[in-house]
Amino acid sequence: MARAPALRKSPSGSAPPRAWQRMLSGRRLDLLDPSPLDVEIEDIAHGLARVARWNGQTIGPNIFSVAQHSVLVEEIAFAIDPSLPNRWRMAVLLHDAPEYVVGDIISPFKAVLGDGYKGVEERILAAIHLRFSLNPKPPAALHKITKQADRAAAFFEATHLAGFGLVEAEKFFGRPPVPLKNLAALLQPMTSDDAQKLFLERFRLIEQE
């Protein structure tokens, strides 16, 4: 049975607004004090497959989802370093997993929101990492390759889906360390059901290796 988060009292003694998200699995994830016990990979996959990258400003009849982006980033990270340990590959795949709860807020708006939003994201990601036996605070080397792969994915998405020119994309995201070859199929926006399946299949593959 899902664990209901404890109510926090406001200074006046009244109950504050609800701070948890109910998942289709029945779990309730407290956004302010997330527990690894309330994290399920199926909920993550379902949510990420329905969250649009680039605020939906991409070409095609389907959104380019965070689920697809996550698989693309993991693919790029593995191409950069084929010796990447499986636990690190899983962490890369889950790098944007908090967005299954908070959505994908574009970087310029995150800068406006400041540290409050970042703190919520970090707490949720730490709970997700603990749920899957990962280090709640990734080591510097893992953070570096995740960021490198994430920026490369952003470059490819920007130029192939979001209307950026090559010069403009390189200015914002840098030159990708890997070629587009073998990545093109992952840049084709797909239905939410297909994106969910893709994400879960990649997670299971990494988990079983």
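Below, the structure is looked at part by part. Worth saying up front: this structure is predicted, and the values here are computed from it rather than measured. (Residues numbered from 1 in each chain as written. Predicted model: local features only at pLDDT ≥ 70, side-chain atom pairs only at ≥ 80, totals over all residues. Heavy atoms only, no water.)

1. Quick word on the overall build of the protein
Logical step 1: Scanning the protein for helices and strands turns up nine helices and two strands.
Logical step 2: Traced from its N-terminal end to its C-terminal end, the protein shows the element sequence β-β-α-α-α-α-α-α-α-α-α.
Logical step 3: For the protein, the residues scored as buried account for 44% of the 209 residues in total.
Logical step 4: Of the roughly 11200 Å² that the protein leaves accessible, carbon and sulfur atoms contribute 57%. (Helix = DSSP H or I, 4+ residues; strand = E, 2+ residues; numbered from the N terminus. Buried < 20%, exposed > 50% of the residue type's maximum accessible area, 1.4 Å probe, protein only. Areas by Shrake-Rupley, 256 points an atom, 1.4 Å probe, with all protein chains shown as cover.)

2. Observations regarding the nonpolar core
Nonpolar side chains tend toward joint burial in soluble globular proteins.
Logical step 1: With 55 residues, the main nonpolar core has Ile 44, Ile 76, Leu 94, Tyr 100, Ile 128, Phe 132 and Phe 199 as its most contacted residues.
Logical step 2: Taken together, the elements giving at least two residues each to this core come down to α1 (41–48), α2 (66–80), α3 (86–93), α4 (99–102), α6 (115–131), α7 (140–160), α8 (166–173) and α9 (192–208).
Logical step 3: Tallying contributions element by element places α7 first for this core, with nine residues. (Core = buried A, V, L, I, M, F, W, Y, C linked by side-chain atoms within 4.5 Å.)

3. Here we look at the environment of Pro 85
Logical step 1: Within the secondary structure layout, Pro 85 lies in the loop between α2 and α3.
Logical step 2: As for Pro 85 and Ile 206, which are separated by 121 residues in sequence, their C-alpha atoms are 9.6 Å apart.

4. A few points about the side chain of His 69
Logical step 1: If you trace the backbone, His 69 turns up in helix α2.
Logical step 2: A residue is classified by how much of its surface remains accessible, and His 69, at 0% relative accessible area, is buried.

5. So, the packing of α3 against α9
Logical step 1: Between α3 and α9, whose axes approach to 9 Å, the crossing angle comes to 160°. Between α3 and α9, the angle is such that the two are roughly antiparallel. The handedness of the crossing between α3 and α9 comes out as left-handed. Residues Asn 86, Arg 89, Met 90 and Leu 93 of α3 form the contact with α9, whose own contacting residues are Phe 199, Arg 202, Phe 203, Ile 206 and Glu 207.
Logical step 2: Here the residues of the contact of α3 with α9 sort into five nonpolar, one polar and three charged. (Axes fitted to C-alpha atoms, helices over the stretch in contact; angles between N-to-C directions. Parallel < 35°, antiparallel > 145°, perpendicular 65-115°, else oblique. Left-handed = near helix turned anticlockwise from the far one by under 90°. Contact = heavy atoms within 4.5 Å. Nonpolar A, V, L, I, M, F, W, Y, C, P; charged D, E, K, R; others polar.)

6. Some details on the packing of aromatic side chains
Logical step 1: Counted according to the given criterion, the structure contains seven aromatic pairs.
Logical step 2: Centre to centre, the rings of Phe 172 and Phe 173 are 6.4 Å apart; their planes meet at 55°, and the pair counts as tilted.
Logical step 3: Members of the aromatic cluster, each reached through a chain of ring pairs, are Trp 54, Phe 164, Phe 172 and Phe 173.
Logical step 4: One residue, Arg 89, lies across the ring of Phe 78, its end atom 4.1 Å from the ring centre. (Phe/Tyr/Trp six-rings, centres within 6.5 Å; stacked < 30°, edge-to-face > 60°. Lys NZ or Arg CZ within 6 Å of the ring centre and 35° of its normal.)

7. Overview of the pattern of salt bridges
Logical step 1: Scanning the model with the defined rule gives 10 salt bridges in all.
Logical step 2: With a closest N to O distance of 3.4 Å, Arg 204 and Glu 207 form a salt bridge. Within this pair, Arg 204 and its partner Glu 207 are both found in helix α9, separated by three residues, close to a single helical turn.
Logical step 3: Classification of Arg 204 by relative accessible area gives partly exposed; the value is 30%.
Logical step 4: Taking the relative accessible area as the measure of exposure, Glu 207 reaches 39% and is therefore partly exposed. (Salt bridge = Lys/Arg side-chain N within 4 Å of Asp/Glu carboxyl O.)

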